[in-house]
Structure formats: C-alpha cells, structure tokens
Amino acid sequence: MLELFDKKLFPSKYSDILNRIKSFKPIKYGASRNYVNGSVSYLSAYISRGVISTKFILKTLLDKNYNPADIEKFIQELAWRDYWQQIWISKGKLINSDLKNSQFPVSNSSTPKAIIDANTGISAIDKSIIGLYETGYMHNHLRMYVASIVCNIAQSHWINPARWMYYYLLDADWASNSLSWQWVAGSNSNKKYFANQENINKYCFTNQKGTFLDVDYPEFQKFEIPEVLKHLYFFNLKTPLPNSDDITIENSLPTLLYNFYNIDPIWKKNLKANRILLLEPSHFETYPVCKRLLILL
Ligand SMILES: Cc1cc2nc3c(=O)[nH]c(=O)nc-3n(C[C@H](O)[C@H](O)[C@H](O)COP(=O)(O)OP(=O)(O)OC[C@H]3O[C@@H](n4cnc5c(N)ncnc54)[C@H](O)[C@@H]3O)c2cc1C
C-alpha cells in the first residue's frame, strides 16, 4: 500500500521513511522553515496517510537527545496537525463552513482560472502550483500565499479552492487543509493573512517587481481585484475510485480495516488477520482526491 508515494520526493520503503525521520535536522528547521529551500521534514504525506504518527516522530527525535526547547518550532507544527484533527473530530462537518467569523468580503464561490492554470504572473506562485500538479507537494509558505491570493485578493470563498488544493496534495488532510484555508481567509482567525511581493521575493529568492502584489501592506485594505484574477474556473472534482476486489474473509480471524487516513504498515503487524482497505465512496464524494493518491493502493 505504501507504493502510493512518489518514489523520489516521498520514498515508499518503510526503512527509508524511518531514515528520513532520523536524519531530519529539527534545530535548522526552526530558522529556515519559511524559506522555500528550508530544512522542512517532508513527512506530511506519511503522517496524513497514517503511516507514521506525530507521537512516533517526536519520540524518535527525543531519543536522539534533542532538548525540547531547541526543537520547539517543530514540536509546535506537529501539535498544529494534531490540533486541527481534534477540531475535525469535535466539529465534524461544521469545519466545511466558516468556523469563527464569516469570510468577508466574498465576491465569488469559485477559483481564479489563473491559479488553476498556474498563470498568475507571480513566478514563485506559478512554479509552486506546477510543482503541486507534478509532485503532490507544496511548501507551507506557498500554500499560505496561494490561499491569500485566492481568498483575500480575488475574494473567492475558501471552500472550493481548498478542495482543489486538497485534491492534488499527497498529504491531503482535510482538517489541516480546510482549517488552514479558513485561518488565511480570516474565518478561523482574527485577521486575514496577506503577503506582498517583497515577502514572496524574500522567502522564494525571486526578484519580481510590478506584479499585482507589489504594494505596501496598507494598500491591501482598499484593494481592487486584479484583472488577472477575475476570470473564474468552476470545476467538478471526482475521485477515480478503483473497482472493488472480491473479498475473501477468513471468519475465524479478526478483521482489520484500513482507510485513506490509516495505512499504517506495522499496525498489529504480528496478528494474523483479514486486512481490508476500505475506500468509502461517500467519503471521496465529499473530499475528492486525484488518481495519484489512489492509483497504487
Ligand atoms: C492553505 C494550506 C493548506 C494546507 N493543507 C494541508 C493538508 O492538506 N495536509 C497537511 O498535512 N498539511 C496541510 N497544511 C499544513 C502544512 O502546509 C503542511 O503540513 C506542510 O507544508 C507539510 O510539509 P512538511 O511535512 O515538510 O512539514 P514540516 O514543516 O516539516 O512540518 C512537520 C509536520 O508538522 C505538520 N505541520 C506543519 N505545518 C503545519 C501547519 N501549518 N498546519 C498543520 N500541520 C502542520 C505536518 O504534519 C508536517 O508534516 C496546509 C497549510 C496551508 C496554509
């Protein structure tokens, strides 16, 4: 089942995943994580699919004698992931609508075509969207920039663009995804997140000028939607679910059910059991994912 991962960016051998955790540099992470080439862990795809847990990662690092205070930033990010999961568990489908405040202003419920086509004219953004399509990964800061352009500059409501991003992410996790989009859009936070071209240039090592984001921050308060973001794209995302296999159950054995959020390869490893991967169509109708996430399940 681990074969679903892109072999280069996300190796699928369990021993390679363990090595990635062991060789990760959590102190360097704190200082560099916001840069596009920062020392991030690239562990999210494994965490989201339940292959490894945040608890296990933290224990592995503490066993290497890192002082928790020195790796605080990384621990905080692991905690954010688990916190968003707990919000999903407690609020259920309520996270699919504005959680704390109504997003404002909203002028459309779609997504700018320039985002879908990776054609905003902001090179770092366009490159990151192409990267998302090609690899299933996008750096956290780029996710924030994209969500900010979509929700706070193009005034699109967050739900459909969040579905678009989730569809392509190998680390697709609806809690982290929807609640982060809402955080950027100000519906799950006290203020909207804005980034200007200068900020993007700094963290992405570009030197662009004259784009629609090349403004000082106060200008965002009275911002007109730029022409390039006015053309909208209405999509209908579908999960290409495989046909079911015939299931043979050995009645004398216990049955272990795996799902999209739990493909832990060492779960009750020594137990002789029926092991069934359940891909519930109703789940994937609400939260569609692209073929890359399912093709080799
Ligand atoms: C708009 C938007 C959408 C997002 N959608 C998803 C998603 O679908 N799935 C997902 O796993 N993460 C999502 N994130 C959070 C974050 O971008 C990714 O977890 C992170 O970029 C994954 O890369 P990494 O493993 O190298 O992370 P690292 O920076 O190395 O962090 C280590 C781990 O901490 C957790 N983490 C890090 N940052 C965050 C965060 N901001 N919120 C929650 N958990 C975090 C992840 O599990 C990650 O693997 C989203 C963030 C934004 C702003």
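Below you will find a few notes about this structure. In this text, all values refer to a predicted model and were calculated from it rather than measured experimentally.

1. Focus on the overall build of the protein
- For the protein, the count of helices and strands is 12 helices and four strands.
- The C-alpha atoms of the protein give 20 Å as radius of gyration, which agrees with the globular expectation for 297 residues (19 Å, within 12%).
- C-alpha extents for the protein along the principal axes are approximately 65 × 45 × 35 Å.
- The buried share among the 297 residues of the protein stands at 48%.
- In the protein, the proportion of contacts linking residues at least 24 apart, taken out of those at least 6 apart, comes to 69%.
- As displayed, the protein has an accessible area near 15,500 Å², and 53% of this comes from carbon and sulfur atoms.
- Side chains of the protein give 34 positive and 26 negative charges; the mean places of these two sets differ by 4 Å.

2. Details of helix H1 (residues 14-23)
- Those residues of H1 that sit buried are Ile17, Arg20 and Ile21. Along the axis of H1, the buried residues cluster in a sector spanning 95°; they form a single face.
- Those residues of H1 hidden inside the fold are in contact with helix H3 (44-48) and helix H4 (54-63).

3. Observations concerning the site of the ligand
- Around the ligand sit 27 residues, and of these Tyr29, Ser41, Tyr42, Asn140 and Asp171 come closest.
- The contact in question runs from an oxygen atom of the ligand to an N or O atom on the backbone of Tyr42, over 2.8 Å.
- Contacts to the ligand include Leu43, whose backbone N or O atom sits 3.0 Å from an oxygen atom.
- Most atoms of the ligand, that is more than half of them, are within 2 Å of grid points of the largest pocket.
- The element contributing the most residues to the shell around the ligand is helix H5 (residues 72-91), with six residues.
- For the shell around the ligand, the residue count by class is 15 nonpolar, seven polar and five charged.
- For the shell around the ligand, the domains that each give at least three residues are domain 1 (2-93) and domain 2 (111-233).

4. Notes on the packing of helix H8 (residues 140-153) against helix H10 (residues 174-185)
- Orientation of H8 relative to H10, taken along the N-to-C sense of each, is 60°, at an axis distance of 9 Å. In terms of axis orientation, H8 runs oblique to H10. Crossing of H8 against H10: the hand is right-handed. Between H8, through Met144, Ala147, Ser148, Val150, Cys151 and Asn152, and H10, the contact on the second element is made entirely by Trp181, Trp183, Val184 and Ala185.

5. Quick word on empty space enclosed by the protein
- All told, the structure shown has one cavity of 30 Å³ or more when counted by the stated rule.
- Of the pockets and cavities examined, the largest cavity occupies roughly 30 Å³.
- Tyr145, Ser148, Ile149, Ala195, Ile200 and Leu213 together form the lining of the largest cavity.
- Counting residues per element, the lining of the largest cavity draws most heavily on H8, at three residues.
- Residues of the lining of the largest cavity, tallied by class, amount to five nonpolar, one polar and no charged.

Conventions and cut-offs
Residues numbered from 1 in each chain as written. Predicted model: local features only at pLDDT ≥ 70, side-chain atom pairs only at ≥ 80, totals over all residues. Heavy atoms only, no water. Helix = DSSP H or I, 4+ residues; strand = E, 2+ residues; numbered from the N terminus. Rg over C-alpha atoms; globule rule 2.2 N^0.38 Å. Buried < 20%, exposed > 50% of the residue type's maximum accessible area, 1.4 Å probe, protein only. Contact = heavy atoms within 4.5 Å. Areas by Shrake-Rupley, 256 points an atom, 1.4 Å probe, with all protein chains shown as cover. Lys, Arg positive; Asp, Glu negative; His and termini not counted. Charge placed at Lys NZ, Arg CZ, Asp CG, Glu CD. Arc of directions from axis to C-beta. Near = heavy atom within 4 Å. Polar contact = N/O pair within 3.5 Å; in protein donor to acceptor, adjacent residues only side chain to side chain. 1 Å grid on protein atoms, 1.4 Å probe; cavity = no way out; pocket = protein on both sides within 12 Å on 5 of 7 lines; lining within 4 Å. Sits in = over half its atoms within 2 Å of the grid points. Nonpolar A, V, L, I, M, F, W, Y, C, P; charged D, E, K, R; others polar. Domains from an automatic or database assignment. Axes fitted to C-alpha atoms, helices over the stretch in contact; angles between N-to-C directions. Parallel < 35°, antiparallel > 145°, perpendicular 65-115°, else oblique. Left-handed = near helix turned anticlockwise from the far one by under 90°. Points joined across faces, edges and corners; volume = space filled by probe spheres on them.

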